[in-house]
Structures are given as structure tokens and as C-alpha cells.
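# Survey of secondary and tertiary structure
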Amino acid sequence: MLLGSIGVIAGVYFFFRCIFPLIAPFVLAFLLAYAIEKPVRGIADKYFRGNTILVSSVIVTLLSLIIFGLLVLLGYRIFQEVQAFIGQFDYYTDMANVKLSRGCALIDSWFHMKNGATIGFINNNFDGIMEQIKVKALPAIMGGSIPIATKMITWFTLFFIMLMSAIYLSKELDAIRAWRDKSMFSREVWLLTDRIGKLGRVYYKIQLLIMALTAVICIIGLFLIGNPYAIVLGIIIGILDALPLFGTGTVLIPWSVIMLISGHFLHAAVLFTLYVLTYFLREILESKCMGDKLGIAPITMMLVIYVGLVCYGLWGFILGPVSYVIIKTLIHDLKINIERGKLSGI
């Protein structure tokens, strides 16, 4: 049993680490074809004599245009906010220096230190950090501009391949199901697809919902206090909330403390309220949906995501839970087969 479990874990890790990157566009294409199967079949059978290729081509194209249009609008808004921030960078730098000096003066008085000791310590370390950025970070950014352009072309090509594959796969879904049912591993495939399907329907849907609601709540709150970069900051906070060991408190709590020290009590209250709302939003949705429907405790899922990030990088946010479900299902099935073997041998 122990050797079998180790073999399952090693096999799953090897698959997602070495094989999955080669077939990822086709896996995504299959998921897209499966997601649009019902409308494609309904429209094709009713209006186009079962021509699923034509209907899926139209639906995939429309979905791509809608998503592209939304991304362009969002990107344009983000570009406007970033451009406005760059234009006001000197002002914000001066304002930050003033607030930092006041905060450091308070710390000096609280701890009875020499006047200017705290700000001097920060300035000395900040100069060292800026020097490291000039020496290491800037050359890396400049040298990475060409690889980034190459990767963008690669990603666009892979996206196009995924769309075309989804169109062709929409016609082959029944053949894939027939192959699955006749396969010698049909039972294992059924188990894995059922567990992974439940994970997708529950966990990833809940994570996207929490991320979207968190971003919307933060955007509305930041608009209420007149922040000109509400959309960019709201989206960043929503993304941070989905990452383990981070959360909305990483940004909102220090920000609210700074506002409180600066005397902006209304801003501090709004920011802290945003943290409380987003915290309970995640706790309620995760514990209710994931605990009841998946049988996975939130702390377990956090650990799984963390291990996934360590093993697979950024993609571990998605591949970590999938790996966990596959490993758990296969080990459980292995245990049942071993017990049945022991019983049949008695």
C-alpha cells in the first residue's frame, strides 16, 4: 500500500510537471467544447441539420470577441489609471515622504529615541534597496523585453490552436465518451472525471465568485473614498485574496493603519470595513460550499494550493487541487482493490 501510494504521487507529479504542459491547450479545448456542447447540439439539430462544426465555430468566435472586447475595455481603463498615477508620481512621492516623516517622528517620541533616528534608518536601507534595483532588476527587465514579446506570440498561437481544437472536438465528444466506456480503465476514468468535475463545479467556481465579489466590493469602497485608482487596486486586492498566505488584509490592514495615523479616520474606517466584509465573504462561502459539497476543509485546500505553487509554480493554484483530488481518488481505489484481493484470497 505504501509503495503504491508513493507510486501514485510520483506519477501524478511527473504527469503534471512534464506531460501536461505539452497537452494543456488540448485539455482546455476539450473543456471549452464540453462547456458549449448543449447549445451547440441544440442549435445544430434545430437549424443546421446537425452541423456542429459550423455552430461551434460561430459560438467560439462570438465568445472570443466578447472576452476580447471586455479585456480591451478593462485594459484601457487600467491604462488610464496607471497613466494618471505616473503623471502624479512626484506628488505622491512627496506626500509619502511627508507622511513617513510624521510617522517616524511619532515613533521617535514614543520610544524616546533621538529625533530623526527612524527616518535615517529607513533612508539608509532604502538607498541600498534602490541601488540593488539599479544593479539587478533594471538590466533584467530591459533584457527580458524580447523574450516577453516572443512569449506573447507563443501564447497567441496556443490560444488560436485551442480555439480550433475546441471546434473540432465538439464533433468528437460522443466518440470520446464511447472510447472511455470501452476502455479497460473505464472505472478509473469514471471516478477521476467525476471527482475532477465536482472540483471544477464547486471549488473553482467558488474561487472565481469570491475573487470577483472581493474585487467589486473593494472597487466600490475605494470609489466611495474618492480613490482615483479604484479599479486597478480593487482587481489587485481581489487577486491577492485568492492566493494562500496573502488575502485582502495584506493590503487593507496596513493601509487602514496608515490612514488612521495620518488622521483620515473616515478612510481608515472604510478600508477596515472592506477587510471585514471580504474576510467573512470568503469564510462563509468557502466553509459552506467546499466543506459541504467537496468534503475538503479550507485549511486543507490552502495547504494543497501552497504545495501546488511550490511544485508547479503559478499554475499550482489550479493544478494543486486537481493533483490532490487525483491522488486521493487513486489511493482510495488502490486501497479498495487491495482489500478485495485479500478478501478473495481467504
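Scroll up a little and you will see the structure.
Let me begin by describing the structure that accompanies this report. Only a predicted model underlies this, so the values are computations on that prediction, with no experimental measurement involved.

What counts, and at which threshold
- Residues numbered from 1 in each chain as written.
- Predicted model: local features only at pLDDT ≥ 70, side-chain atom pairs only at ≥ 80, totals over all residues.
- Heavy atoms only, no water.
- Helix = DSSP H or I, 4+ residues; strand = E, 2+ residues; numbered from the N terminus.
- Buried < 20%, exposed > 50% of the residue type's maximum accessible area, 1.4 Å probe, protein only.
- Areas by Shrake-Rupley, 256 points an atom, 1.4 Å probe, with all protein chains shown as cover.
- Contact = heavy atoms within 4.5 Å.
- Patch = residues over 30% accessible without salt bridge, like charges linked within 9 Å, V, L, I, M, F, W, Y side chains within 5 Å.
- Salt bridge = Lys/Arg side-chain N within 4 Å of Asp/Glu carboxyl O.

## A closer look at the overall build of the protein chain
Across its full length, the protein chain carries twelve helices and zero strands. Listing every helix and strand of the protein chain by position from the N terminus yields α-α-α-α-α-α-α-α-α-α-α-α. Classification of the 346 residues of the protein chain by burial places 29% in the buried group. By element, 74% of the accessible surface of the protein chain is carried by carbon and sulfur atoms, the whole surface being about 22700 Å².

## Some remarks on the environment of I237
Mapped onto the elements, I237 comes out in helix α8 (residues 230-242). As a C-alpha pair, I237 and T250 span 13 residues in sequence and 8.6 Å in three-dimensional space. Residues contacting I237, with those up to four places away along its chain left out, are C218, T248, V251 and L252.

## A short note on a nonpolar patch on the surface
On the surface, F14, F15, I19, L22, I23, F26, W155, L158, F160, I161, W315 and I318 cluster together to form a nonpolar patch covering roughly 1200 Å² of accessible area. Counting residues per element, the ones that place at least two in the nonpolar patch are α1 (2-35) and α6 (145-182). When residues of the nonpolar patch are assigned to their parent elements, the largest contribution, six residues, is made by α1. Within the fold, W155 resides in helix α6. Owing to a relative accessible area of 52%, W155 belongs among the exposed residues under this scheme.

## Some details on the pattern of salt bridges
Between side chains of opposite charge, a pair can form as their charged atoms come close. In this structure the tally under the stated criterion is seven salt bridges. For E37, the salt bridge is made with R177, and the minimal N-O distance between the two is 2.7 Å. Remark: R177 occurs in helix α6 and E37 occurs in helix α2 (residues 37-47); sequence separation between them is 140 residues. With a relative accessible area of 24%, R177 lands in the partly exposed category. Note that D174 is salt-bridged to R177, the shortest N-O span being 3.3 Å. Of this pair, D174 and R177 both sit in helix α6, separated by three residues, roughly a single helical turn. Among the residues examined, D174 registers a relative accessible area of 42% and is labelled partly exposed. Overlapping salt bridges bring together E37, R41, D174 and R177 as one network.

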